[in-house]
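Each chain, letter by letter, is given below.
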Amino acid sequence: MINIDRENSTPLYMQIKTQLKDMILTGKLSPGYKLPPERKLADILNVNRSTILNAYRELKADNLAISTVGQGTIVNPALGSVANINNSNITPIQLPWKHLYSKMMSLSSDTITQDILELANRKDVISFAAGIAIPELNPLEELKKINEELISQFKHVPFQHTSTQGYYPLRDSIRNLMQKKGIIISNDEIMILSGSQQGLDFSARAFINQGDIVFTEEPSYFCARQIFEAFGANVIGIPMDDDGMSMESLSYMLSRFKPKFIYTIPNFHNPTGITMSLEKRKKLLALSYKHQTPILEDDAYGELRYEGEQIPSLKALDQNNYVVYLSTFSKVLFMGLRIGWVAAPKQVIQQFKVLKQISDVHTNSFSQWCLDRLIRENNYSNHIQTVLKENKRRRDIMLNSLNRFKPQNLEISWIIPEGGLYIWCSLPDEIDQKELMKNAEEKRIAFVPAKVFYSEDCDDNCIRLNFTFPSPNQIEKGIQLLMEAITDSYKEKQNEANSYTEIKPIV
Amino acid sequence: MEFSERMSFLIASEIRELLKISDQPDIISFGGGLPSPEVFPSEKIKEILNSILSTNPVKALQYSTTEGYTPLRKAIADRINCSLYTSFTTDNILITSGSQQGIDFTGKLFIDKDDIILCESPTYLSAINAFKAYLPKFIEVPTDDDGIIPDELEAILKNAQKSSLLNRIKLIYVIPDFHNPTGRTWTIERRKQFMEIVYKYKLPVIEDSPYSELVFEGDVFPSLKKWDPEELVISLGTFSKVLCPGFRIGWISGNKQIIYKYVLIKQGADLQTSNLTQMCIYEYIDKYGLEEDIELIRAKYKKRRDVMYSSIKKYMSPEVKSTYPKGGMFLWLKAPEYINSRDLLERCLENKVAFVPGGAFFPNGGNENTLRLNFSNMCEERIEEGIRRISDVLNKMIIKATS
Ligand SMILES: Cc1ncc(COP(=O)(O)O)c(C=O)c1O
Ligand SMILES: Cc1ncc(COP(=O)(O)O)c(C=O)c1O
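Cut-offs and rules
Going along each chain's sequence as written, the residues are numbered from 1 onward. The lettering of chains begins at A and the numbering of ligands begins at 1, in the order of writing. Where local features are concerned, this predicted model is filtered to residues with pLDDT of at least 70; where side-chain atom pairs are given and counted, the filter is 80 or more; whole-chain, interface and lining totals use all residues. Excluding hydrogens and water, the side-chain values take into account all heavy atoms of the structure. Two cysteine sulfurs form what is called a disulfide whenever their separation falls within 2.5 Å. For patch detection, residues must exceed 30% relative accessible area and be free of salt bridges, and they are connected within 9 Å for like charges or within 5 Å for nonpolar side chains (Val, Leu, Ile, Met, Phe, Trp, Tyr). Areas reported here follow the Shrake-Rupley algorithm with a probe of radius 1.4 Å; residue values treat only the protein chains shown as occluding. Every case where a carboxyl oxygen of Asp or Glu lies within 4 Å of a side-chain nitrogen of Lys or Arg is listed as a salt bridge. Charge counting treats Lys and Arg as positive and Asp and Glu as negative, with His and both chain ends excluded. By convention, the point assigned to a charge is CZ for Arg, NZ for Lys, CD for Glu and CG for Asp. In this text, helices come from DSSP runs of H or I with a minimum length of four residues, and strands from runs of E with a minimum of two, each type numbered from the N-terminal end. Here the term buried applies to any residue with accessible area under 20% of the maximum for its type, exposed to any over 50%, and partly exposed to those in between, with areas from a 1.4 Å probe on protein chains only. At least two bridges found by DSSP between two strands is the condition for calling them paired. The rule is short: rings of Phe, Tyr and Trp, with Trp giving its six-membered ring, pair when the centres are within 6.5 Å, and they are stacked under 30 degrees, edge-to-face over 60, tilted in between. An automatic or database domain assignment provides the domain bounds reported here. Consider each residue's heavy atoms; a residue with any of them within 4 Å of a molecule or strand counts as near. Distance and chemistry together define a polar contact, namely a pair of N or O atoms within 3.5 Å, with one atom able to donate a hydrogen and the other to accept it when in protein, and with adjacent residues in sequence counting only for side-chain atoms on both sides. Classification convention: Asp, Glu, Lys, Arg as charged; Ala, Val, Leu, Ile, Met, Phe, Trp, Tyr, Cys, Pro as nonpolar; all other residues, Gly among them, as polar.

Considering the state of the cysteines
Any covalent bond linking the sulfur atoms of two cysteines counts as a disulfide. Inspection of every chain in the model, using the stated rule, returns 0 disulfides over all chains. Distance from the sulfur of C370(A), which forms no disulfide, to the nearest cysteine sulfur (C280(B)) is 10 Å. The closest cysteine sulfur to the non-disulfide-bonded C379(B) is located on C348(B), 18 Å from its own sulfur.

Observations regarding a negative patch on the surface
Together, E411(A), D429(A), E430(A), E456(A), D457(A) and D459(A) give the surface a local cluster of negative charge. Checked against the element boundaries, D429(A) lands in the loop between β13 (422-426) and α17 (433-442).

Points about the pairing of strand β3 (residues 116-121) of chain B
Residue and element names in this part refer to chain B. For β3, a buried count of 6 out of 6 residues is recorded, marking the element as mostly surrounded by other parts of the structure. Pairing analysis gives 6 bridges linking β3 to strand β4 (residues 137-144), with the strands arranged parallel. Each residue of the ladder has a partner; that of S121, found in β4, is P142. Alignment of β3 against strand β6 (residues 169-174), held across 4 bridges, turns out to be parallel. Paired with L118 across the bridge in β6 is I172.

A few points about the packing of aromatic side chains
Residues and elements named next belong to chain A. Inspection of every chain in the model, using the stated rule, returns 29 aromatic pairs over all chains. Here the aromatic rings of Y306 and F467 are separated by 6.5 Å at their centres, their planes lie at 70 degrees, and the arrangement is edge-to-face. Here F467 lies in the loop between β16 (462-466) and α18 (472-499) and Y306 lies in the loop between β9 (295-298) and α13 (314-317), a separation of 161 residues in the sequence. On the accessibility criterion, Y306 (9% relative accessible area) is buried.

Some thoughts on the domain arrangement of chain A
By the assigned domains, chain A splits into domain 1 (12-87) and domain 2 (155-377). For domain 1 of chain A and domain 2 of chain A, the distance between their C-alpha centres works out to 52 Å.

Brief notes about the site of ligand 2
All names here are of chain B. Around ligand 2, a shell composed of 13 residues is seen, among which S99, D208, Y211, T238 and S240 lie nearest. Residue T238 places a side-chain N or O atom 2.6 Å away from an oxygen atom belonging to ligand 2. When grouped by side-chain class, the residues that make up the shell around ligand 2 number 4 nonpolar, 6 polar and 3 charged.

Right, here's the structure in full:
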């Protein structure tokens, strides 16, 4: 009944799948028909069992077959209705969904974060790509204890709805944490978010109309830019100096444009690791007051300072309620809990509450209860100390490895970050990043190329290296391999240049 | 600060303000759509959380992929394949922070300003609000006790075709099972007729099914997916009503390419849903299944439905029409036209009983003579007492208006 052609370039499993598909669609195999067990069909056709497995998998992917307990694989019973509705046995045509999508959707098509997270999850890759804190440092025993106590004491309550603005005690705990950093606000000005990413989404939704302008540092966190653009913003990048956003550029741009807000990551900036100086913070606020433009301060990394003096946040310096402040527990504690927060003027919180209600009602209750306990039991500051120590150690290992393995003949430099999770490393102009990514991938090394962080074409030949996700051993080995990949890319370029023959005009 | 245009369409609802009062313990509230908390298996959940934290902590507390925890996606696919006649694989499922998020993403994915959304009349309040953020127009499709009325739907679509508006109609949002707010369920016949029309006009369908498993009598109804070979239907599901609402875990299921678009949106909106919670639900399903819990919930709600329905028959003026929900959490009352249920609510609050005035469930307004009553969240005695109190006020209003 099934013919297979071993000479044919189509893989065997596809040949089998196509023929089975035809039989199903022409009704030769009726809905509910039990397909032969894989082993049996494999014997009959004299192929590997895995070939049949693949063929069945393909059929299932096309919804033509399903697996059932007890019966093995059967022809999808739901197919019966194809005939009912179409009165034909032709493969259903797909609705051309594309023309139905919103304009917003056509603007967000980049899967970069996903790709990065997927790479990080691959066991065979040393990933400098993800912005993930040290995975092993979670205060597990505490969390287990809290879990035990909370449920014994409160039973179902931590699993019910909480208020849209967030579990009140947690808001209070956060208010306390912020107070220690000189940000004096009330609980009403705090709202719990499902990760600070949600704060970026809400800011976009609350402020941006189609065509509005938003300023960000250039480079900047790509998920921020993406979501601003998705809501129709025209994102304008302001270049950076060693001590943060260039105030000359900002001042000039503010005289020309009226942005809805200025988005900035003043502490241990993603991707450059740069921290904005105190003078600049004051200048930024002065400019924002002068031009009546609010500031969206993204302080995802502020807690992670390994050396130098703490600089007050924009929110702490702000006298006039111009700053919407976002932060998160993702980079210091359990990122899997997905808890961040916003501190903002009440009128902004009010808008965010409306958005929260329609987007996910409230943040996961149990996570909020657990986190609140953890902060209250004073384990939080101990935990932060542990994290800081280990993060710093890994940063130093990466800096040492960079120094040690850097090829002497190449101009490679980097910014030493006083905190955060990233080292921004600048490569010689000759290196082509696409080429380098390929070479690095062969050596099972991942990093993030500069262009991801730019809104337009970038000639910044940098890469972002994370030093917390890989283990110390992996850091050393990975940097060595990365430097080899860089050398390879450089050599390839040289060879190319040498073999290139110029075309002389014929005169 | 200057907010965006969309915010002006999103005002915090006055009803919510009114219902705030109903949180007070001495008030009998038929307001919220809350599940009954006592059935929650807290001891089992505690064990499971402990065992995850002991055996797989790093994974549980880590960022994972935007699509969600793979074993949970697989488990959801398996569950709904059995109950909803679908043949989904992991790739057909995206985990969301509650099905509310699925509704919001749907707006983001499909709706530009002035696009048209079709929905049942009435429909779920928070869906209306979520869609409003994308500045659409709504066309309400009339419904009766058997669900959406196919002829009315067809007439609307024909009309739209005539006036070249068909391409503005982006989708139809429906709740076929134990509808919020009416408690009605579409008959099988209606489901088939609906799908035929939808196929004729190639209209994407958002099927929101938080209550489908909460049936009191007979079998679970098949999802619209049963009649959907071309994958026009995107189904939303949630654990809020069968396990607990505080976890905020739901899912979107449908055509792979479309799910992929939803994944992109999820990435921008909140990166991913809490991993620990996803693992917890997966382990729970794997170890205990949900069947026992669902049985408990069904039995409990059925009793409460019975008490509410018979109390209405007993105390309320026959001028007031009630639906008879065969599952879910809500019952819907239609009072005579001259009754305004917002006024009624204010008076009822004085008598310490609350409900949701029905007008809010109609995106284009009107129908102020309707009421939504939740029967899942109060014990039987309080249900009877609450209905008695509402009847007192309502019957008086009716007598006064007619005399
Ligand atoms: C600058 C910045 N903001 C926000 C986030 C989002 O973090 P979360 O949503 O986990 O709080 C990140 C994560 O990488 C980030 O780098
Ligand atoms: C029809 C409908 N859809 C969606 C939801 C939201 O549920 P979730 O808690 O999963 O966001 C509800 C909850 O009341 C509902 O009634």
